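Chain residues, written in single-letter form:
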Amino acid sequence: MSEMFAQGVGIVAMIFLVLSFQMKTPKGILLLQSIGGFLFCINFFLLKQYVGSMLNLLAFVRAILLFNKEKLHTDSNLWLAIFGVGYIVAYILTFTVFGEIFTPGNAVRQCLPVVGMFCSHLALRSADAKMIRRISLASSVCWLVYNGLALAIGAIACEAFNLVSIAVAMFRFDRKK
């Protein structure tokens, strides 16, 4: 029953993230992305995928801070460094506090969403749509592999939607004509 509940939370999270891009305003996008990130935090925690949970908690906080971008100057290098440290701390806590066994394969597996999260953070800072898509492509691939290994159905579907959307946009806008 708890496995089904966890997967259900992930599917609802995916719906919020997919719908976020249909919002008219950046604040609307960020609101739905913050809800989706928080739900994915719960989803991954219930699936005992702790690095994914912590990183989505950071994504939730990041979305709230970006909601107040002008006032907090969240596009500064200081915020990038703060979140970068947070991503690394989440990785370390996965092995030290949450008891994941450190093997070479598991070290790489747990590192995938950290790389993905750092890439998505860099993408959010870019003013160039083509660069956002390229960086987001790397992020989605990292998360898709991690989600597949975690058997997180909603997260797998979310990244599949993201990859298709990025590929379509790259075909439409980024190819040389």
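The preceding data block contains the structure.
Before going into details, it helps to say that this report is about the structure given with it. What you see is a predicted model; the values in this text were computed from it and never measured. (Residues numbered from 1 in each chain as written. Predicted model: local features only at pLDDT ≥ 70, side-chain atom pairs only at ≥ 80, totals over all residues. Heavy atoms only, no water.)

As for the overall build of the chain
- If you tally the helices and strands in the chain, you get 8 helices and 0 strands.
- Taken from N to C terminus, the helices and strands of the chain fall in the order α-α-α-α-α-α-α-α.
- At 16 Å, the chain has a C-alpha radius of gyration in line with the 16 Å of a compact globule built from 177 residues.
- Projected onto its principal axes, the C-alpha coordinates of the chain cover approximately 45 × 35 × 30 Å.
- The long-range share in the chain, meaning contacts at least 24 apart out of those at least 6 apart in sequence, stands at 62%.
- Counting only carbon and sulfur atoms, one obtains 75% of the accessible surface of the chain, whose full area is about 9,900 Å².
- Distance between charge centres in the chain, computed from 15 positive and 7 negative side chains, equals 7 Å. (Helix = DSSP H or I, 4+ residues; strand = E, 2+ residues; numbered from the N terminus. Rg over C-alpha atoms; globule rule 2.2 N^0.38 Å. Contact = heavy atoms within 4.5 Å. Areas by Shrake-Rupley, 256 points an atom, 1.4 Å probe, with all protein chains shown as cover. Lys, Arg positive; Asp, Glu negative; His and termini not counted. Charge placed at Lys NZ, Arg CZ, Asp CG, Glu CD.)

Quick look at empty space enclosed by the protein
- Enumeration over the complete set of coordinates arrives at 2 cavities of 30 Å³ or more.
- What the largest cavity holds in volume is close to 50 Å³.
- If you go around the largest cavity, the residues you meet are Arg62, Leu66, Lys69, Thr74, Asp75, His121, Leu124 and Arg125.
- At the level of elements, helix H3 (50-67) and helix H6 (104-125) are the ones that each hand at least two residues to the lining of the largest cavity.
- Here the residues of the lining of the largest cavity are counted per class, giving 2 nonpolar, 2 polar and 4 charged.
- Reported here for the second largest cavity is a volume of approximately 40 Å³.
- In terms of lining, the second largest cavity is formed by Arg62, Leu65, Leu66, Thr74, Trp79, Phe83 and His121.
- Looking at the lining of the second largest cavity, the elements with two or more residues in it are H3 and helix H5 (77-96). (1 Å grid on protein atoms, 1.4 Å probe; cavity = no way out; pocket = protein on both sides within 12 Å on 5 of 7 lines; lining within 4 Å. Points joined across faces, edges and corners; volume = space filled by probe spheres on them. Nonpolar A, V, L, I, M, F, W, Y, C, P; charged D, E, K, R; others polar.)

Thoughts on the packing of H6 against helix H7 (residues 129-150)
- Following both chains from N to C, one finds H6 and H7 inclined at 155°, their axes separated by 8 Å at the closest point. Classed by the angle they form, the pair H6 and H7 counts as roughly antiparallel. When the axes of H6 and H7 are compared, the crossing they make is left-handed. On H7, the residues that touch Arg109, Gln110, Leu112, Pro113, Val115, Gly116, Met117, Cys119, Ser120, Leu122 and Ala123 of H6 are Ile132, Ile135, Ser136, Ala138, Ser139, Cys142, Trp143, Val145, Tyr146, Leu149 and Ala150. (Axes fitted to C-alpha atoms, helices over the stretch in contact; angles between N-to-C directions. Parallel < 35°, antiparallel > 145°, perpendicular 65-115°, else oblique. Left-handed = near helix turned anticlockwise from the far one by under 90°.)

With respect to the nonpolar core
- Ranked by internal contacts, the top residues of the largest apolar core, which has 31 residues, are Phe40, Phe44 and Leu55.
- Contributing elements (two or more residues each) for this core: helix H1 (2-20), helix H2 (26-46), H3, H5, H6, H7 and helix H8 (153-174).
- In this view, leucine 55 contacts Tyr87, Ala90, Pro113, Val114, Met117 and Trp143; residues no more than four positions away in its chain are not counted. (Core = buried A, V, L, I, M, F, W, Y, C linked by side-chain atoms within 4.5 Å. Buried < 20%, exposed > 50% of the residue type's maximum accessible area, 1.4 Å probe, protein only.)

Topic: the pattern of salt bridges
- The full count for this structure, using the stated rule, is 1 salt bridge.
- One salt bridge connects aspartate 174 with arginine 133, and the closest N-O pair in it is separated by 2.7 Å. You can see aspartate 174 sitting in helix H8 and its partner arginine 133 sitting in helix H7, a full 41 residues away along the chain.
- Taking the relative accessible area as the measure of exposure, aspartate 174 reaches 13% and is therefore buried.
- Residue arginine 133 is classed as buried on the basis of its relative accessible area, which comes to 15%. (Salt bridge = Lys/Arg side-chain N within 4 Å of Asp/Glu carboxyl O.)

What to know about H1
- With 19 residues, H1 extends 27 Å from end C-alpha to end C-alpha; this agrees with the ideal 27 Å at 1.5 Å per step.
- Along H1, the residues that are buried comprise Ala6, Gln7, Val9, Gly10, Ala13, Met14, Leu17 and Ser20. Looking straight down H1, one finds that the buried residues subtend no more than 155° of arc, so they occupy a single side. Counted as exposed and oriented over 90 degrees from the buried face of H1: Met4 and Phe5.
- Those residues of H1 hidden inside the fold are in contact with H2 and H8. (Expected span 1.5 Å × (residues − 1). Arc of directions from axis to C-beta.)

As far as function goes, none of this settles anything; it's purely spatial.
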